[in-house]
Amino acid sequence: MKFFIDTADTKEIKELAATGMLDGVTTNPSLIAKSGRKFLDVVAEICDLVEGPVSAEVTALDAETMLKEAAVLKKIAKNVAIKLPLTWDGLRACRHLSDEGVMVNVTLCFSAAQAILAAKAGAAFVSPFVGRLDDIGQDGMHLIEEICTIYRQYDNFKTEVLVASIRNPIHVTKAAKLGAHVATLPPAVLKQLAQHVLTDKGLAQFLADWQKTGDKII
Ligand code: E4P
């Protein structure tokens, strides 16, 4: 399973890239706004920090303008993935860009039917938002199960399931059990993955006992 980080905070990306766990980055207009920086500058900086795909989202609603914006974004770096909304215009733009060999992440996916369309449009990634479904009382993970099952039926569906809107480590482990290709994690959730109270307790005990020996490794 690949891990992307869901942030436009370059300081945090740098820190987490150093762990060797990062396979890519996803941004969206809200995350860019939160960074307080210019969109194109942030994306360029992130592309320098991470080798894998860096999703940069268009803001136009019609396919023609989406393609014009995509032309600007894809010039930033080879690893830019154009993020397009799951609308008919987004799908049209996706088909066009995918045919040109451009990596596309179709975002704001909330149903299996939408995910089928993203695959048919040749998207490199589809982003189902699990947390936002959970937030309205629907089962986000059930959607991941449906999409993974459907995609497995068709050899010609090459789209990777990029689980988005992740809120906690359980989302990550459940997505991994279902065979989702990618999870995009808020930095706090990525850090949470390594945490366990018994790890901390066990380590404290081992260190206390080690002190008693008076021994040294180096
Ligand atoms: C994914 O690409 C989106 O940027 C993100 O996962 C949305 O998450 P949110 O629902 O926490 O805003």
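The numbering scheme is per chain: residues are counted from 1 as the chain's sequence reads. Restriction of local features to residues with pLDDT of at least 70 applies here, the model being predicted, together with a cutoff of 80 or more for giving and counting side-chain atom pairs; totals for whole chains, interfaces and linings are based on all residues. Side-chain numbers come from the whole structure's heavy atoms, not from hydrogens or water.

Now for a nonpolar patch on the surface. Within the patch definition used here, like charges are joined within 9 Å and nonpolar side chains (Val, Leu, Ile, Met, Phe, Trp, Tyr) within 5 Å, considering only residues with over 30% relative accessible area and no salt bridge. Residue burial considers only the protein chains on display, and all accessible areas are found by Shrake-Rupley using a 1.4 Å probe. When a carboxyl oxygen of Asp or Glu is within 4 Å of a side-chain nitrogen of Lys or Arg, the pair counts as a salt bridge. On the surface, a cluster of nonpolar side chains totalling about 440 Å² of accessible area is made up of W210, I217 and I218. Counting from the N terminus, the helices are DSSP H or I runs at least four residues long and the strands are E runs at least two residues long. Within the secondary structure layout, I218 lies in the segment after helix 11 (197-213).

So, about the environment of V106. Along the chain, V106 turns up in strand 5 (residues 104-109). Burial here depends on accessible area, computed with a 1.4 Å probe over protein chains only, as a share of the maximum for the residue type. Under 20% is buried, over 50% is exposed, and the range in between is partly exposed. Given a relative accessible area of 0%, V106 falls into the buried group. As a C-alpha pair, V106 and T59 span 47 residues in sequence and 13 Å in three-dimensional space. Excluding residues that lie within four positions of it along the chain, V106 makes contacts with L84, P85, L86, C94, A118, A123, F125, V126 and S127. Pairs of residues are marked as contacts when any of their non-hydrogen atoms sit within 4.5 Å.

Among the residues making up helix 6 (residues 112-120), those that are buried are A112, A115, A118 and A119. The arc that holds the buried residues of helix 6, viewed along the axis, is 110 degrees, so those residues lie on one side. When the buried face of helix 6 is taken as reference, the exposed residues oriented beyond 90 degrees from it are A113 and K120. Residues of helix 6 that are buried in the fold lie against helix 5 (88-99), strand 5, strand 6 (125-128) and helix 8 (140-152). Just beyond helix 6, the residue with positive phi is G122, at close to 80 degrees. This arc describes the spread of directions from the helix axis toward the C-beta atoms.

Let us now look at the sheet that holds strand 6. Reading around the barrel, the eight strands line up as 1-2-3-4-5-6-7-8 and close back on themselves, with parallel pairing between neighbours. Strand-to-strand, the axes of this sheet are offset by a mean angle of 30 degrees, without reference to chain direction. Any two strands with at least two DSSP-identified bridges between them are counted as paired. In terms of strand pairing, strand 5 meets strand 6 through three bridges, oriented parallel. Residue pairing in the sheet places V106 in a bridge with V126 of strand 6. Working convention: axes come from line fits to C-alpha atoms, limited for helices to the stretch in contact. Angles between N-to-C directions cover 0 to 180 degrees. Of the strands in this sheet, strand 5 and strand 6 touch helix 6, which is tilted by about 165 degrees from strand 5.

Turning next to the layout of surface pockets. Points on a 1 Å grid over protein atoms alone make up a cavity when a 1.4 Å probe fits among them but cannot get out, and a pocket when they form an open set with protein on both sides within 12 Å along at least five of seven lines; lining residues each have an atom within 4 Å of a point. Grid points are joined across faces, edges and corners, and a volume is the space filled by probe spheres set on the points. Each pocket or cavity is described by its volume, and for the largest pocket that value is around 240 Å³. Looking at the lining of the largest pocket residue by residue, the class counts come to five nonpolar, seven polar and four charged. Gly falls in the polar group here, along with every residue not listed as nonpolar (Ala, Val, Leu, Ile, Met, Phe, Trp, Tyr, Cys, Pro) or charged (Asp, Glu, Lys, Arg).

This next bit is on helix 4 (residues 63-74). Its 12 residues give helix 4 an end-to-end C-alpha distance of 16 Å, which sits within 8% of 16 Å, the value for a rise of 1.5 Å per residue. Among the residues of helix 4, A63, M66, A70 and L73 are the ones counted as buried. The buried residues of helix 4 all sit within an arc of 75 degrees when viewed along its axis, so they share a single face. Considering only its buried residues, helix 4 is in contact with helix 3 (39-49), strand 3 (54-57), strand 4 (80-85) and helix 5. To estimate how far a helix should extend, the number of its residues minus one is multiplied by 1.5 Å.

With that settled, consider the pattern of salt bridges. Opposite charge on two side chains allows them to pair when their charged atoms are near. Within this structure, the stated rule accounts for 11 salt bridges. A salt bridge links K2 to E160; the nearest nitrogen and oxygen atoms lie 2.7 Å apart. In this pair, K2 is assigned in strand 1 (residues 2-6) and E160 in strand 7 (residues 160-163), connecting sequence segments 158 residues apart. Residues R167 and D135 are paired through a salt bridge, measuring 2.7 Å at the closest nitrogen-oxygen approach.

With that settled, the discussion passes to the packing of aromatic side chains. Aromatic rings from Phe, Tyr and Trp, taking only the six-membered ring of Trp, are treated as a pair when their centres fall within 6.5 Å; an angle between ring planes under 30 degrees marks them as stacked, one over 60 as edge-to-face, and anything in between as tilted. Overall, the coordinates contain four aromatic pairs when judged by the stated rule. Aromatic side chains F4 and F125 sit 5.7 Å apart centroid to centroid with 75 degrees between the ring planes, which places their arrangement in the edge-to-face category. In this pair, F4 is assigned in strand 1 and F125 in strand 6, connecting sequence segments 121 residues apart. F4 gets classed as buried once you look at its relative accessible area, which sits at 1%. Under the relative-accessibility criterion, F125 is labelled buried at 5%. The interplanar angle of 40 degrees and the centroid separation of 5.1 Å between the aromatic rings of Y154 and F157 together place this pair among those described as tilted. Here F157 falls in the buried class, since its relative accessible area comes to 15%. Through a chain of ring-to-ring contacts, the aromatic side chains of Y151, Y154 and F157 assemble into a single cluster.

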